[in-house]
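Results of the structural survey
So the chains spell out like this:
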Amino acid sequence: MDIIEFLQVRRRFFALSLVVALVASMASTANAQYDYIDITNPYLRKIPVAIPYFKAITGSEDELDISRKGADILVDALLFTGYFSMVDREAYLVDPQQAPLTVQGINFKNWSVVGAELLVTSGVVLSGDVLTMELRLFDTVQQSMLVGKKYVGTAQDLRKIIHRFASEVVFQLTGNRGIFESRIAFVSTGTGNKEIYVCDFDGNGIERLTSHGSITVFPAWSYDGRWIAYTSYAKGKPDLYIKSLDDKPGSVVDRKGLNCFASWVPGKFELAATLSFSGDQEIYLLSGKGKILKQLTYNEGIDVSPTFSPDGKQMAFVSRRAGTPQIYIQSIETGDVRRLTFVGNYNTQPAWSPKGDKIAYSSMNNGGLDIFLMGINGEGPVQLTFDPRDDESPAWSPDGSMIVFSSTREGPSRIYVMNAFGTDQRRLFTAPGEQSSPDWSPSVVDRQN
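A brief report on the enclosed structure follows. Just so you know, these numbers come straight off a predicted model, no measurement behind them. (Residues numbered from 1 in each chain as written. Predicted model: local features only at pLDDT ≥ 70, side-chain atom pairs only at ≥ 80, totals over all residues. Heavy atoms only, no water.)

**Let's talk about the overall build of the protein**
Quick reminder of the rule: Segments assigned H or I by DSSP are reported as helices when at least four residues long, segments assigned E as strands when at least two residues long, and all are numbered from the N terminus. Partly exposed residues are those whose accessible area sits between 20% and 50% of the maximum for their type, while under 20% is buried and over 50% is exposed, using a 1.4 Å probe and protein chains only. Contacts are assigned to residue pairs that have any heavy atoms within 4.5 Å of one another.
In terms of helices and strands, the protein carries four helices and 31 strands. By the burial criterion, 53% of the 449 residues in the protein qualify as buried. For the protein, contacts bridging at least 24 residues in sequence account for 44% of all contacts bridging at least 6.

In structure tokens, the structure reads:
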């Protein structure tokens, strides 16, 4: 049985579209070249890349269409990172449909002379419903191939294939697989009610996740991307819903009073949330099924908005125990608490970075909310946004390179992204209603392994 027959049989047996599969790794360099891009430098030099339209091997109209769409998807994905600039295709000296695809056949001077330091090529074959793509990344200066991969899927899997390869590109150049297989959850009023939606990292593929017909807010991804917790007033009061994205049974925490502000524990099927059934708003540790495991905070007043360190050993949260909302850090093992923020009278919505060294948060500043960074050692704060309106609800990308947030800078609340240094701020998408409370998932590829 050849590979195409195998994939067709597999597709029939499982009655679902082919999940993008990496079926073979072609020859590539043994070690990733992590020194190409210094992701710790806020003023990094963007590397110029040439991405010609991919080569349609048989020359069919469908292949030519895929070759153009695939190349454009890759351009958009790599530009989104802020690491790259693109060489204008009008400057190319080579017809991509006639150009060779291997190291031996490429005239690298044709690419370096137009300013390209990196080059991506691909061959595209569409046979019936089966799409085969061979993608390669070259260093035009060293005249070497950095990575080459072969993917088999369907035409409908094109975006998944390209984003999988984009992850390989960024991994080779930075040592980090990036954001291309992650998603963003957010709240939108597009239906007239606040509901939870999800989209791809770049704002494409928006899907509605909830249909409560009520106020539904504060989405929070589990560490493996399989669950989302959120708060909804569907039953007339704020209850905590724990929803599976794999069609497994979920659960609802509907104790007396508030049940809200969930945050998942890294590496565990557990989450923290604020509950007020005792009459005071305290943070509790819950199982993924909603059972109370442990009370985490003990203080008169409001304790809300937990967020965990990457190792799960510490929790940052917001408390009014000093009179105004401030951010504190607590050891999960000992319960010891220390205050983190001292500048400003209204600091809230903390988000612990995936690298573990910083916390992003919202702070009242000159009458509006802005986003700041604070080192967990107390270094800072560093202001990232400077808009006269409200910038709030920061959430980190899974690799720590970017921050998503909501802003009213254009009037209605929209979702924006910026890099971790506060530069390259731009709106993610425009949709009906207003959008707020974003949360960035881990890499969705984790769900496929």
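**Quick word on unusual backbone geometry**
Omega for the bond connecting Gly-380 with Pro-381 falls within 30 degrees of zero, at 5 degrees, which places this linkage in the cis form. In this model, Gln-349 sits at a positive phi of 55 degrees, which is unusual for a non-glycine residue. By the element assignment, Gln-349 lies in strand β23 (residues 347-352). Taking relative accessible area as the criterion, Gln-349 reaches 23% and is therefore assigned partly exposed.

**Some thoughts on the packing of helix α2 (residues 61-81) against helix α4 (residues 158-174)**
For any two helices packed against each other, the geometry comes down to the angle between their axes and how far apart the axes lie. Note the threshold: A fitted line through C-alpha atoms serves as each axis, taken over the contacting stretch for helices, and the angle formed by two N-to-C directions is quoted from 0 to 180°. Just so you know how the angles are binned, under 35 degrees is roughly parallel, over 145 roughly antiparallel, 65 to 115 roughly perpendicular, and the rest oblique. Note on convention: near helix rotated counterclockwise from far helix by under a right angle means a left-handed crossing. Clockwise means right-handed.
The geometry of α2 relative to α4 is characterised by a closest axis approach of 9 Å and an angle of 45 degrees between their N-to-C directions. When the axes of α2 and α4 are compared, the pair comes out oblique. The interaxial crossing formed by α2 with α4 has right-handed handedness. When α2 is examined against α4, the residues Ile-66, Lys-69, Gly-70, Ile-73, Leu-74, Ala-77 and Leu-78 are found in contact with a partner set consisting of Leu-158, Arg-159, Ile-162, His-163, Phe-165, Ala-166, Val-169 and Val-170.

**A look at α2**
Turn by turn, an α-helix covers 3.6 residues, leaving residues three or four places apart pointing in a common direction. To keep it simple, the criterion reads: Expected helix span is taken as 1.5 Å per residue step, with the number of steps being one fewer than the number of residues.
Taking 1.5 Å as the rise per residue, α2 with 21 residues should run 30 Å; its terminal C-alpha atoms sit 31 Å apart, in good agreement. Count one or two residues on from α2 and you reach Gly-82, which has phi positive near 85 degrees.

**Observations regarding the pairing of strand β25 (residues 368-375)**
Worth spelling out the cut-off: Pairing between strands is defined by DSSP: at least two bridges between them are needed.
Across the eight residues of β25, eight count as buried, placing the element largely inside the fold. Judged by which residues are buried, β25 turns out to be covered on both faces: Gly-368, Asp-370, Phe-372 and Met-374 on one side and Leu-369, Ile-371, Leu-373 and Gly-375 on the other are all buried. Note: strand β24 (residues 358-365) against β25, eight bridges, orientation antiparallel. Residue pairing in the sheet places Asn-365 in a bridge with Gly-368 of β25. Linking two consecutive strands that pair antiparallel, namely β24 and β25, is a turn of two residues; a positive phi of about 55 degrees is found at Asn-366 within it. As paired elements, β25 and strand β26 (residues 382-383) share two bridges and run antiparallel to each other. The residue of β26 that forms the bridge with Leu-373 is Val-382. In this structure, the hairpin formed by β25 and β26 is closed by a connection of six residues, where Gly-378 is found at a positive phi of approximately 95 degrees.

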